[in-house]
Amino acid sequence: MNHRQHPIAVVGATGQQGSSVIEALLEQRHAVRALVRDPESAGARALTARGVEVVAADQEDGASLQRGLTEVSALFFMTTFAGSDGPDGEVRRGLTVADAAARAGVPHVVYSSVGGAERGTGIPHFESKYEVERRLRDVVPVRFVRPTFFMENLAPQLADSGSGELVLRLPLAGDVPLQMIAVRDVGAAAARLLLGPDAIDGDAIELGGDELTLAQVAERTAEALGRPTRYEALPLEVLGDDEDLRAMFRWFGTVPAYQADFGLTRRLVPEVQDFALWVTAQSGVRASV
């Protein structure tokens, strides 16, 4: 089948990952259909202005998804545990998308899960993504991208506009290596697999662009921003009674936690960013605003 006969569908098209996938597909001049809850939102209108077909669909509404997924060449989607129903809601929405894709006869799906999902971490929002993975394997041809820690998780702390020392803080020891990836590169990898699922052997890749301790993250940040930066480890107690996040940060401290295939990531995304490149780009974005 010629991939260019029909658009590639992206669910969650106005979010960070969905936007990065669309950006990569548009760079390849591929037709894109964005499935969004509100086609009149500012994000959706911006997509329309760029030539993206925008269709109303909701991850809670299988019928709307099935209509939106008719006559597409592939589908990208992700799920989130944000919201009052947490990982249970994530599973429900993920299964709804998977089943709608199967009913619509989508030829190929790329699902963004999480690094370690298949390794029985016990982290609720990792286990929920693996449950979605299992349903997808049962009902559609699928490839999984499993990102490691998003560099963007650090962006709010880097946005400190003061001129003095910058202090980065997470509930993780400063000498523990942490694998990470930029959202832009997750989108590029997913787009590569949407266009050519045989770019990897097997059905999954754990994505990583760098591996640094958080003390090294502070060093790279200081070099990139030209500003004194240090890392300060926080106790797990700062997470309060959030057992999901507590489980995740405990897992981060158990090396190896993430197990990215850096070589395969670079083959899929030759220009994959390390942290130094990413943080330098962030400083450029802030300077231009």
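Residues numbered from 1 in each chain as written. Predicted model: local features only at pLDDT ≥ 70, side-chain atom pairs only at ≥ 80, totals over all residues. Heavy atoms only, no water.

### Some remarks on the overall build of the protein chain
Across its full length, the protein chain holds 11 helices and 12 strands. Relative to the compact-globule value of 19 Å for 289 residues, the protein chain shows a C-alpha radius of gyration of 19 Å, a close match. Taken along the three principal axes of its C-alpha coordinates, the protein chain extends 55 × 40 × 35 Å. Buried positions account for 49% of the 289 residues belonging to the protein chain. Roughly 12700 Å² of accessible area belongs to the protein chain as shown, and the carbon and sulfur atoms make up 49% of that amount. Across the protein chain, 28 positive and 40 negative side-chain charges occur, with their mean positions spaced 4 Å apart. (Helix = DSSP H or I, 4+ residues; strand = E, 2+ residues; numbered from the N terminus. Rg over C-alpha atoms; globule rule 2.2 N^0.38 Å. Buried < 20%, exposed > 50% of the residue type's maximum accessible area, 1.4 Å probe, protein only. Areas by Shrake-Rupley, 256 points an atom, 1.4 Å probe, with all protein chains shown as cover. Lys, Arg positive; Asp, Glu negative; His and termini not counted. Charge placed at Lys NZ, Arg CZ, Asp CG, Glu CD.)

### Describing the packing of aromatic side chains
As enumerated under the stated definition, the model contains 9 aromatic pairs in all. A centroid spacing of 6.1 Å and a plane angle of 45° characterise the contact between W251 and F252, whose relative ring orientation is tilted. Just as W251 is buried, F252 falls in that class too. An aromatic cluster of three or more residues is present, and its members are F126, F149, F249, W251, F252 and Y258. (Phe/Tyr/Trp six-rings, centres within 6.5 Å; stacked < 30°, edge-to-face > 60°.)

### As for the side chain of Q179
Its place among the elements puts Q179 in strand β9 (residues 177-181). Polar contacts involving the side chain of Q179 include one to the main-chain amide nitrogen of Q259, which spans 3.5 Å. (Polar contact = N/O pair within 3.5 Å; in protein donor to acceptor, adjacent residues only side chain to side chain.)

### Some words on the sheet that holds strand β5 (residues 109-112)
Pairing is parallel across the open sheet formed by 7 strands, whose spatial order is β3-β2-β1-β4-β5-β6-β10. If you trace the sheet from one side to the other, it starts and ends with β3 (53-56) and β10 (204-207), each paired once. Each strand axis lies, on average, 20° off the axis of its neighbour in the sheet, ignoring direction. Direction of pairing for strand β4 (residues 74-78) relative to β5: parallel, over a ladder of 4 bridges. Each bridged residue has a counterpart across the sheet, and for L75 the counterpart in β5 is V109. Taken strand by strand, helix α5 (residues 124-139) contacts β4, β5 and β6 (142-147), and its axis lies near 165° from that of β6. (Pairing = 2+ DSSP bridges. Axes fitted to C-alpha atoms, helices over the stretch in contact; angles between N-to-C directions. Contact = heavy atoms within 4.5 Å.)

### A closer look at the confidence of the model for the protein chain
Close reading of the predicted structure is inappropriate where its pLDDT is low. Averaged over every residue, the pLDDT of the protein chain is 94; residues scoring 70 or more account for 96%. Low pLDDT, under 50, characterises residues 285-289; the stretch is placed with 3 contacts to residues that sit more than four places away or in other chains. (pLDDT = per-residue confidence, 0-100.)

### Considering unusual backbone geometry
Backbone phi values are negative for most residues with the exception of glycine, while trans is the configuration of most peptide bonds. Between V255 and P256 the backbone carries a cis peptide bond, its omega angle lying at 0°. Among the structural elements, P256 can be located in the loop between α9 (243-252) and α10 (262-268). Positive phi, close to 60°, is recorded for R29, a residue that is not glycine. Relative to the elements of secondary structure, R29 occurs in the loop between α1 (16-27) and β2 (32-36). The class of R29 is exposed, set by a relative accessible area of 74%. Located in the positive-phi region is E71, a residue other than glycine, with phi close to 55°. Within the fold, E71 resides in the loop between α3 (62-68) and β4. In this structure E71 comes out as exposed when scored by relative accessible area, which is 55%.

### Focus on the pairing of β5
Of the two faces of β5, both are covered, the one formed by V109 and Y111 as well as the one formed by V110 and S112. As for the winding sense of the linkage, the β-α-β connection from β4 through helix α4 (residues 86-104) to β5 is right-handed. Sheet topology places β5 next to β6; 4 bridges connect them, and they run parallel. Opposite V110, over in β6, you have R143 as the bridge partner. Traced from β5 through α5 to β6, the parallel crossover comes out right-handed. (Right-handed = clockwise from strand over helix to strand, strands pointing away.)

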